[in-house]
Amino acid sequence: IDFFQSNFPNDREILVVLMRRSYSSGQFLESLGHSEKILESHPQDKAALKFRARSITKIGKGTQETRSAWEDLLSVEVDSLEAMNNIARCLLDDSEVEMAKETLDNILILDNEYHPAHSTLARLRAMSPDLFDEENNSNPIDYRSLYSLGRYSEVIEKLGGLENCSNWKIDEALFIHRS
C-alpha cells in the first residue's frame, strides 16, 4: 500500500484503506486527515464522513464540532442510527435533554433493538428522570435500560421472572444471565 500511496497520493481507494487502517489501529488524527483528504474531492463520501465523525468523537474535539460532524454524515445518510445516537450524546453533553430524548425516540421508532440508543437513553434517564413519568408514559422503561441503570432484579421481573424462561428470546436470556 505504501508503494501505491507514494505513486498515487490522491487516489480515493488508497485513502479509504489508509483511513480505515489508521482508525482501526487507534491513530484517529491520521484517520481524520485521510478522511478530510477524501472529502476535498468527494464531499458527499459516506465512508469518509463516517470516519471523520468517528475520529473527531474519539479525539474529543468538543461537542459542537463533534455534533456538526455527525450532522454532516446524517445529511447524506438520513437513516444512520449511529449518527443520530452520537448527536443525542452531544445533546446530552450540552444538557439539551429534551432534544436528546426526541432524537432517541426517533431512533427507537426506526429500530427498537439498536443497543447503543438504549445505553444513551439510560444515561438520559439518569440525568433527567423527570422526563420519564413511568405511570403516564406510553414508552415505559425497557429491560435494557433497567440493566444499564443497574436495576438487575427489575430486569428479571420485566421479562416475566425466571419461571418465564421458555418464552425468552436469546437477547433477553443474555440480559437475565448477566443480571
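Residues numbered from 1 in each chain as written. Predicted model: local features only at pLDDT ≥ 70, side-chain atom pairs only at ≥ 80, totals over all residues. Heavy atoms only, no water.

Novice: Pulling in residues and values, what's your account of the overall build of the protein chain?
Specialist: Helix and strand content of the protein chain: 11 helices and 0 strands. Each helix and strand of the protein chain, placed in order from N terminus to C terminus, yields the pattern α-α-α-α-α-α-α-α-α-α-α. Counting all 179 residues of the protein chain, 40% fall into the buried class. Of the contacts made within the protein chain by residues no fewer than 6 positions apart, 43% connect residues no fewer than 24 positions apart. Working note: accessible area of the protein chain is about 10200 Å², and carbon and sulfur atoms make up 50% of it. (Helix = DSSP H or I, 4+ residues; strand = E, 2+ residues; numbered from the N terminus. Buried < 20%, exposed > 50% of the residue type's maximum accessible area, 1.4 Å probe, protein only. Contact = heavy atoms within 4.5 Å. Areas by Shrake-Rupley, 256 points an atom, 1.4 Å probe, with all protein chains shown as cover.)

Novice: Mind laying out the packing of helix 4 (residues 46-59) against helix 5 (residues 63-76), listing which residues take part and the relevant values?
Specialist: The N-to-C vectors of helix 4 and helix 5 enclose an angle of 160°; their axes lie 9 Å apart at closest approach. What the angle tells us is that helix 4 and helix 5 run roughly antiparallel. Judged by the sense of rotation from one axis to the other, the crossing of helix 4 with helix 5 is left-handed. Contacts from Lys46, Leu49, Lys50, Arg52, Ala53, Arg54, Ile56 and Thr57 in helix 4 reach Glu65, Thr66, Ala69, Trp70, Asp72, Leu73 and Val76 in helix 5. (Axes fitted to C-alpha atoms, helices over the stretch in contact; angles between N-to-C directions. Parallel < 35°, antiparallel > 145°, perpendicular 65-115°, else oblique. Left-handed = near helix turned anticlockwise from the far one by under 90°.)

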